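This is what each chain is made of:
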Amino acid sequence: MTKQALSPTKQSLSLSVHVSLGALAEIYHLQREKMGSTTLDVSRAELGLVVMYLNKAEARDKLCRAIQYGSKFLSGGQPGTAQSVDKSTSLARKVFRLFKFVNDLHGLISPVPKGTPLPLVLLGKSKNALLSTFLFLDQIVWLGRSGIYKNKERAELLGRISLFCWMGSSVCTTLVELGEIGRLSSSMKKIEKGLKNGNNMYQDGEYCAKLKQSNERSLALIKAAMDIVVAAGLLQLYPKKITPRVTGAFGFITSLISCYQLLPSRPKIKAP
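Each chain has its residues counted from 1, running along the sequence as written. Predicted model: local features are reported for residues with pLDDT of at least 70 only, side-chain atom pairs are reported and counted for 80 or more only, and whole-chain, interface and lining totals are derived from all residues. Only hydrogens and water are removed before side-chain values are computed, so all heavy atoms of the structure are retained for them.

J.: Please clarify how unusual backbone geometry should be interpreted in this entry.
T.: Glycine aside, the phi torsion of most residues is negative, and most peptide linkages are trans. For Phe99, which is not glycine, the phi torsion reads 60 degrees and is therefore positive. Where helices and strands are cited, they refer to DSSP runs of H or I of at least four residues and of E of at least two residues respectively, numbered from the N terminus. Topologically, Phe99 is positioned in the loop between helix H3 (81-96) and helix H4 (101-109). The phi dihedral of Gln236 is positive, around 60 degrees, even though this residue is not glycine. Tracing the backbone through its elements, the reader meets Gln236 in the loop between helix H7 (205-235) and helix H8 (244-261).

J.: What's the story with the pattern of salt bridges in this structure? I'm lost.
T.: Any two side chains of opposite charge can pair, so long as their charged atoms come close to each other. For salt bridges, the criterion is a side-chain nitrogen of Lys or Arg within 4 Å of an Asp or Glu carboxyl oxygen. The full count for this structure, using the stated rule, is 11 salt bridges. Put simply, Asp138 and Lys94 hold a salt bridge, and the shortest N to O gap is 2.8 Å. Taken together, the positions of Asp138 in helix H5 (residues 118-145) and Lys94 in helix H3 put the pair 44 residues apart, joining distant regions of the chain. For Lys94, a relative accessible area of 7% translates into the label buried. Across the pair Arg97 and Asp138 runs a salt bridge, and its minimum N-O distance is 2.5 Å. With a gap of 41 residues between them, Arg97 in the loop between H3 and H4 and Asp138 in helix H5 connect regions that are remote in the sequence. For the pair formed by Arg97 and Asp138, the shared burial category is buried. Members of the salt-bridge network, linked through shared partners, are Glu58, Asp61, Lys62, Arg93 and Lys100. When a residue's accessible area, from a 1.4 Å probe over protein chains only, is under 20% of the maximum for its type it is buried; when over 50% it is exposed; and in between it is partly exposed.

J.: Honestly, the nonpolar core in this entry has me stumped. Any pointers?
T.: One recurring pattern in soluble globular proteins: nonpolar side chains tend to sit buried together. To define a nonpolar core, start from buried Ala, Val, Leu, Ile, Met, Phe, Trp, Tyr and Cys residues and group those joined through side-chain atoms within 4.5 Å. Residues Phe134, Trp166 and Met167 are the most contacted members of the largest nonpolar core, which totals 13 residues. Those elements that place two or more of their residues in this core are H5, helix H6 (152-194) and H7. In this analysis, two residues are considered to be in contact whenever any of their non-hydrogen atoms come within 4.5 Å of each other. Filtering out sequence-adjacent residues up to four positions away, Trp166 remains in contact with Arg65, Leu131, Phe134, Asp227, Val230, Ala231 and Leu234.

J.: Hey, could you run me through the environment of Phe250 in this one?
T.: By secondary structure assignment, the location of Phe250 is in helix H8. Accessibility expressed as a relative area gives 27% for Phe250, which makes it partly exposed. Sequence-wise, Phe250 and Ile228 are 22 residues apart; in three dimensions their C-alpha atoms are separated by 9.6 Å. Discounting residues that sit within four places of it in the chain, Phe250 has contacts with Met226, Val229 and Val230.

J.: Whenever I open this one, H3 confuses me. Can you help?
T.: Since one α-helical turn is 3.6 residues long, residues separated by three or four positions face the same way. What a helix is expected to span follows from its residue count: subtract one and scale by 1.5 Å. Helix length check: H3 (16 residues) gives 23 Å between terminal C-alpha atoms against 22 Å at 1.5 Å per residue, within 8%. Along H3, the positions that sit buried rather than exposed are Gln83, Asp86, Thr89, Ser90, Arg93 and Lys94. Looking straight down H3, one finds its buried side chains confined to an arc of 145 degrees; they lie on one side. As for H3, its buried residues are in contact with helix H2 (57-75) and H5. Here, the arc refers to the directions that run from the helix axis to the C-beta atoms.

J.: Even after reading the chapter, I still don't get the side chain of Thr89, so can you show me in this structure?
T.: Mapped onto the secondary structure, Thr89 falls in helix H3. Polar contacts involving the side chain of Thr89 include one to the main-chain carbonyl oxygen of Val85, which spans 2.6 Å. Beyond its immediate stretch of four places on either side in the chain, Thr89 contacts Cys64, Ile67 and Gln68. In the analysis that follows, any N or O atom pair within 3.5 Å is treated as a polar contact, provided that within protein one partner can donate a hydrogen and the other can accept it, and provided that, for residues neighboring in sequence, both atoms belong to side chains.

Right, dumping it as structure tokens:
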């Protein structure tokens, strides 16, 4: 009697176990399909970012710049394959910068944000003027190196003048970034004082936005300061200290920073 009474119970348990295993298997396959579609969406989004990045002329220019200064670092100023890559890439980059001086010319005549101190305004406009001059003269250098402009001596002189303009613009950029970082730091301190609990400052939207701006300007400051060394190396102002290898190393690092600054923001993938 006991065995006959337990038999239906065992059958119901076995049936429920099979049903549970079937449901789990179905859930597993559904999750795999969702994961596959999510992975495909992420891959498609990442590939789209790469396409968007490479479509920028500025991004391609900075990638070529990294190759140029990386080759300069490897060559150390000595003849060879690396130096040939350095020179050919330098000439190729000048094509990307054709008529680019218009950008800074536009910035020169554009109005500045309200509340910007006069010294920062003057430094910013000086940076635009110097950088625009550098890019304009650089086109004449390209004409000379490509054989279109026949006066090589004048082309070389204009090349040195353009490099001095670039170094001057880097100095102005360094000073502007220092001033802006100081202004942001002052604003962040005011926000901290306004908050009752100091631990909540990272939850404040305005504070986080200013912190992000401060980090971006700090990176721009490092890049501008290193570009001063690169310009001095190209002009051979201190040949014993700033050797071609040092110039190449600093130029390669600033190129990577520029590539990072041009990265597009990642799109948000909707959860399945």
